[in-house]
Amino acid sequence: MGKITGFMEFSRLSEESLPVANRLKNYREFVLHLNDEQAQTQGARCMDCGIPFCSSGCPVNNIIPDWNDLVYRGNWQQALEVLHSTNNFPEFTSRICPAPCEAACVLNINEVAVGIKSIEHAIIDKGGENGWVVPQPPKTKTGKKVAVIGSGPAGLAAAQQLARAGHDAVVFEKNSRIGGLLRYGIPDFKLDKRLIDWRMAQLRAEGVEFRTGVFVGKEAPGAGVANDAQKTVAPKELLKNFDAVILAGGSEQPRDLPVPGRELAGVYYALEFLIPQNKEVAGDGKNPISAKGKHVVVIGGGDTGSDCVGTSNRHGAASVTQFEVMPRPPEQENKPLTWPNWPMKLRTSSSHEEGCARDWSVATKEFIGKGGKVTGLKAVRLEWKDGRMQEIPGSEFEIKADLVLLAMGFTNPLQAVLDAFGVAKDARGNARATTDGAGCYRTSVDKVFAAGDMRRGQSLVVWAIREGRQAARAVDEYLMGSSLLPR
Amino acid sequence: MSKMGISTYQSYCGAQIFEAIGLNAGFVEKYFTGTATRIEGIGLAEIAGEAALVHHKAFGDDPVLANALDAGGEYAWRTRGEEHLWTPESIAKLQSATRTNNFATYKEYAKLINEQGQRTKTLRGLFEIRPAGAPVPLDEVEPAKEIVRRFATGAMSLGSISTEAHTTLAIAMNRIGSKSNTGEGGEDPARFKAIKGGEMLSEIIGKNRIASDRELKAGDSLRSRIKQVAAGRFGVTAEYLANADQIQIKMAQGAKPGEGGQLPGHKVSEYIARLRFSVPGVGLISPPPHHDIYSIEDLAQLIHDMKNANPSASISVKLVSEVGVGTVAAGVSKAKADHIVISGFDGGTGASPLSSIKHAGAPWELGLSETQQTLVLNRLRGRVGLQVDGQLKTGRDVLIGALLGADEFGFATAPLVVEGCIMMRKCHLNTCPVGVATQDPELRKKFSGQPEHVVNYFFFVAEELREYMAQMGARKVDELIGRSDLLDTRKGIAHWKARGLDFSRIFYQPAVPPGVARLHAETQDHELGKALDNKLIAKARPALDNKKPVTIESAIGNVNRTVGTMLSHEVAKRYGQAGLPDDTLTVKFKGAAGQSFGAFLARGITFELSGECNDYVGKGLCGGRIVVSPPKESRIAAEDNIIVGNTVLYGATSGEAYFRGVAGERFAVRNSGAVAVVEGLGDHGCEYMTGGMVVVLGRTGRNFAAGMSGGVAYVLDEDGDFEMRCNMAMVALEPVPEEVAALDGADVEPEGHGRVHFNHLGKADAVALRGKIEKHLRYTGSARAQLILDNWARYLPKFVKVMPTDYRRALQEIAEQQARQKEAE
Ligand SMILES: Cc1cc2nc3c(=O)[nH]c(=O)nc-3n(C[C@H](O)[C@H](O)[C@H](O)COP(=O)(O)OP(=O)(O)OC[C@H]3O[C@@H](n4cnc5c(N)ncnc54)[C@H](O)[C@@H]3O)c2cc1C
Ligand code: SF4
Ligand code: SF4
């Protein structure tokens, strides 16, 4: 364990961020990982709990107490090994995971949680700098071929696990670069895209093949969904050429706001703004939408909304306002009742720190415009009672807006893709498959498995990694009769 | 690995102390001939299969195991490790349910525990329950507030858990008419007082002793109704026993049979040391056996002593679930215990040694059913109440306990979880981050347990039980006790290692006529009416009622056992630990006293015996004075002859004893404050002593001062060979310094409470020693004392002072601290 009395001696040290003024000038990451000594001290705070709630709070069940201790003892390389034993891509999670592990940390009951995510960050960055992350190609090949549709974290994790088990994994991606939302969605300032390339190199060396610009399905996706595909492959063909298929296409259908004025120019889905921005930073052409000098209204208070705020500020927006229908959550959760679960509480993201007006319990009634271009919106305040909302009469107001970004989440995966495969869906339109026991991750169609947002609906990167790993094991079992892949 | 009194590897070989659980009889007969196995199970093929499985894991291609060992998860939970009942999910659900008083959430918790599915984790998880009749409406089932009276919390000492956690349990259990347990650490007399309401906990216990305060309600009580008496006898005084509803003699602990409790030094705070009559900072180890029990007759004697110490308390004996416990329980029932606890293996805290957390003890299901069957068969069941404990968590657990024969139910871990325990398993490190199992004031500030939550928990368990009862058609718990015929093996258990299990011996019902009791229905006759004490009490009325000096003369014979204990109970009831003023009541006996003469003798009472004594003289002495000398007319050389038996002054906490003659073995074992002068000793003198003072004016036997961690002894070593007979593991021998302590006006009289005594640091040794010998002469007329005093200069250098090293260190630390404090002021 860390130091027995470490948690009583050391306080939590959070990672340092560059000052707002500096970071707004570019799209580079601005969170600096802890140095060795700092990370060791933070590791010393871990109590090596008899029941490490952190580990069950972490969706990939990272064996947190073990690597905390190894870091405390300066045994970094072994810490990295333990970390990699449960998590294929700690470089992603240690940057953009909301860290439910820390909410569950026993120290969070009445203290400040162990800085688990920052230790994870320090471990993987050190591993990268020292060249400890090397390919682990399989000793023998099975000769089985598996197609993975989608190159988001779920697809990548599945492909890596399958390749390590000796299968030929081929990843199909409709967009021009690999990574799913990691690449196109999450801004560069939260996740440096070179990390994806770095990890891809490892996957390639382990035998994973990537095919970009290939859409698997029949009809191309509709408006609001990114698609760079030059080529379409029919499911039937895929099923013929592969021994198994994993559907890991994410949950890409954005939720719309069908109020009067929706058709006005200047009203966009969040990803219509964010993806071109990722492309611009990568040198793939300019973002056609600019927030420079504009009054930006972001509708939706989640992660995507935050990313729109951060990006707008980097463009040099005149003002940024964010609306959320839900009421303002409490500043501090009631820990005895919420721990070890993820609490509802006011969260201020780094993008909010960079400048943004936030307003809660607000519903948009109408977009108003001039000459086909949006100039503002009409909204009303809401009252929430027992989980039901009611408009407050007479509370309507108008706000100026030249750019409106809809960040209200994603309703479900592309139905056309699921339908093309003919897989059964759950009530929310996700691919239906269980996650435990015999037949887990298998869809209603033989040979076809599903994982990540495509199976569970809009979620988190860390959940996608979990599902990718577990689905790979299910596929391996299906192909070989048994599997040694860890879940 | 020292357990059950076995300390070497060789002694384990062939010791037959093991029991096989889940192995079939054919296999056991062939490979572990003679070992008991009661529920059958797997054989050679499955064992070979498992060995192959493990081998394959170790030498196969498993990528996880390539460079690392398996996560394991035996002791600490791991996601992919061993299955446990306490998981993040079950703990979170239980805490949330009790904090929000939400029965629906409790039922989710209970479901996680009860429906183990393919994750077979307990024997009871493999059972199925059959209805007793047609379902009955829920409101016809005995109310929960009646059912909770059958519940008790486990024996968790203040010491192992914090004052805050301990008092919270007591408050909760007293609010619902259930029982909490002191554990083996004594109890602060302040907790015996009635609460008016509105007081703060810290006003009662002491400002600097409570880190997380709470307001008390009218009618609350901090008193633990069950007072435990363990081998260590920490804080077992007449007052402590007088304040019990039940006195629990701990023969063993289910989680670690054959081992005593252990409290590491850093958990022994000033307060805990005070309650235990020991020294702050010095670790405490309870000896595994009771030094006054070597046979069932001895246990009967202890039960009798306890009954005398508190005639209105029920006397309970705690046994562990192991093969043969039925026979032991039958003996205990015949030895007149009123109550028996059968304790299962999975109780116990994270403070247990790692080697005891698993694979020590047996599931309670086995021990309970054996006990019930044996007692019913021998028609002894009706005389005793039967309680089961060991990781009871839900109403279903209670139901199965009742069906297997229990009247009452003990819970330990679950209520602690309700108080905030998150199974850190760091109890022994004193770093419990939720203030439950720590004495660190900073951490105790974080304690957030509430009696209301504990109350909610027990009501939930009772409600869950009621729902089961309604479904199975039972209106009263009594209807279910011992109905093992309603249990069956669960169908469809697929786990390959569960194949071949056969519970028929567990579910068996002895064939006895219908009238034979299968639950607690009678009371034991303790024959207290015949006690000599009844006469003494009658004559001592003026002393008892008005503190008037009284002197009584009485003959005594060896049929008079436990003389003075009921009398002391009368004193303790009225005056508590303070007792009567010195020399208020003097009883002069003539004759040969029976066992336990002057046991728990209270302050203000002097027993002078002209004659001799059996074993256990002054057991638990607490303030009284015992003087034994041969009759005047006797012509034997007193200093060469035995005058008192074995195990004298065992567990004494204060008082004085003067024996003109030699004592038997195990003199002053676990003495924590009494002062004694004796003219010679058998083996094992002053073993495990933690306080007080012993003066030996003659030879001692072997193994003197073994495990002694406090107090001092002065031994007259005329032949210069004492060191050979002294166990030097924890003590140092030194000459008695002659400095005159009177210079700094020190109080030369040891305080006699087992409190830290600075004179033990060596300033006033010679003076104190001489004072004791002078008293010995005065009380007993000892020729030996006369000789030594007459030739003091010649004898003094021959005295050896036996000083525990830990005690010296702790005294120095405290002295330095006080000096610093003085300077600061
Ligand atoms: C703006 C934004 C910010 C976010 N921020 C965070 C965050 O900070 N932390 C966090 O944990 N989570 C965050 N999330 C959520 C997270 O990104 C997703 O939960 C996660 O990426 C889902 O992984 P996935 O592999 O299931 O799907 P995706 O990452 O969505 O990947 C699916 C991929 O499949 C491709 N695809 C789909 N259909 C086809 C087809 N038919 N043929 C070929 N290719 C196809 C898509 O083009 C896409 O590249 C954020 C989401 C968004 C939108
Ligand atoms: S992946 Fe997320 S939840 Fe898991 S340890 Fe890392 S930060 Fe915590
Ligand atoms: S819950 Fe927190 S303190 Fe406990 S093991 Fe996990 S990180 Fe360490």
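A quick note: this is a predicted structure, and the numbers were derived from the prediction, not measured.

1. Remarks on the overall build of chain B
The helix and strand tally for chain B stands at 27 helices and 25 strands. Here chain B has a C-alpha radius of gyration of 28 Å; the compact-globule value for 825 residues is 28 Å, and the two agree. The C-alpha extent of chain B, read off along each of the three principal axes, is 85 × 65 × 60 Å. Expressed as a percentage of the 825 residues in chain B, the buried residues total 59%. In the form shown here, chain B has an accessible surface area of approximately 31100 Å², with 52% of it arising from carbon and sulfur atoms. In chain B, 96 side chains carry a positive charge and 97 a negative one; their mean positions are 3 Å apart.

2. Here's the deal with the domain arrangement of chain A
Residues and elements named next belong to chain A. You can read the domains of chain A as domain 1 (6-129), domain 2 (145-253 + 411-480) and domain 3 (256-408). Measuring from the centre of the C-alpha atoms in domain 1 to the corresponding centre in domain 2 gives 28 Å. Taken together, the contact between domain 1 and domain 2 spans 23 residues of the former and 24 residues of the latter. Across the interface of domain 1 and domain 2, roughly 2100 Å² is buried in total on both sides, 70% from carbon and sulfur atoms. Taken together, domain 1 and domain 2 are joined by one salt bridge. Glutamate 91 is the partner of arginine 199 in a salt bridge, and the nearest nitrogen-oxygen pair spans 2.5 Å. For the pair domain 1 and domain 2, the interface holds 12 residue pairs in polar contact (both at pLDDT 80 or more).

3. Looking at the site of ligand 3
All names here are of chain A. Lining the immediate environment of ligand 3, one finds 13 residues, of which Cys46, Cys49, Cys54, Cys105 and Val106 sit closest. In terms of residues, the shell around ligand 3 owes the most to one element, helix H5 (residues 64-72), which gives three residues. Of the residues in the shell around ligand 3, the class split is 11 nonpolar, one polar and one charged.

4. Regarding the site of ligand 2
Residues and elements named next belong to chain A. In the vicinity of ligand 2, 13 residues are found, and the nearest of them are Cys58, Asn62, Cys97, Cys101 and Glu120. For the shell around ligand 2, the secondary-structure elements that each account for two or more residues are helix H8 (100-104) and helix H9 (116-129). Ranked by residues supplied to the shell around ligand 2, first place goes to H9 with three residues.

5. So, the side chain of B:Asn181
Residue and element names in this part refer to chain B. Its place among the elements puts asparagine 181 in the loop between helix H7 (163-175) and helix H8 (201-205). Of note is the side chain of asparagine 181, whose polar atom sits 2.8 Å from the backbone nitrogen of glycine 183. Among the polar contacts listed, one links the side chain of asparagine 181 to the side chain of glutamine 248, at a separation of 3.0 Å. Non-local contacts of asparagine 181, meaning those with residues more than four positions away in its chain, are made with Thr153, Gly154, Ala155, Met156, His166, Ser224, Ile226, Gln228 and Gln248.

6. Notes on the packing of helix H10 (residues 153-164) of chain A against helix H19 (residues 461-480) of chain A
All names here are of chain A. Relative to each other, H10 and H19 sit at 35 degrees, their axes nearing to 7 Å. The handedness of the crossing between H10 and H19 is right-handed. In this structure, H10 uses Pro153, Ala154, Ala157, Ala158, Gln161 and Leu162 to contact H19, whose residues at the interface are Val461, Ala464, Ile465, Gly468, Arg469, Ala472 and Val475.

Calculation criteria
Residues numbered from 1 in each chain as written. Chains lettered and ligands numbered in written order. Predicted model: local features only at pLDDT ≥ 70, side-chain atom pairs only at ≥ 80, totals over all residues. Heavy atoms only, no water. Helix = DSSP H or I, 4+ residues; strand = E, 2+ residues; numbered from the N terminus. Rg over C-alpha atoms; globule rule 2.2 N^0.38 Å. Buried < 20%, exposed > 50% of the residue type's maximum accessible area, 1.4 Å probe, protein only. Areas by Shrake-Rupley, 256 points an atom, 1.4 Å probe, with all protein chains shown as cover. Lys, Arg positive; Asp, Glu negative; His and termini not counted. Charge placed at Lys NZ, Arg CZ, Asp CG, Glu CD. Domains from an automatic or database assignment. Contact = heavy atoms within 4.5 Å. Buried area = accessible area lost by both parts, 1.4 Å probe. Salt bridge = Lys/Arg side-chain N within 4 Å of Asp/Glu carboxyl O. Polar contact = N/O pair within 3.5 Å; in protein donor to acceptor, adjacent residues only side chain to side chain. Near = heavy atom within 4 Å. Nonpolar A, V, L, I, M, F, W, Y, C, P; charged D, E, K, R; others polar. Axes fitted to C-alpha atoms, helices over the stretch in contact; angles between N-to-C directions. Left-handed = near helix turned anticlockwise from the far one by under 90°.

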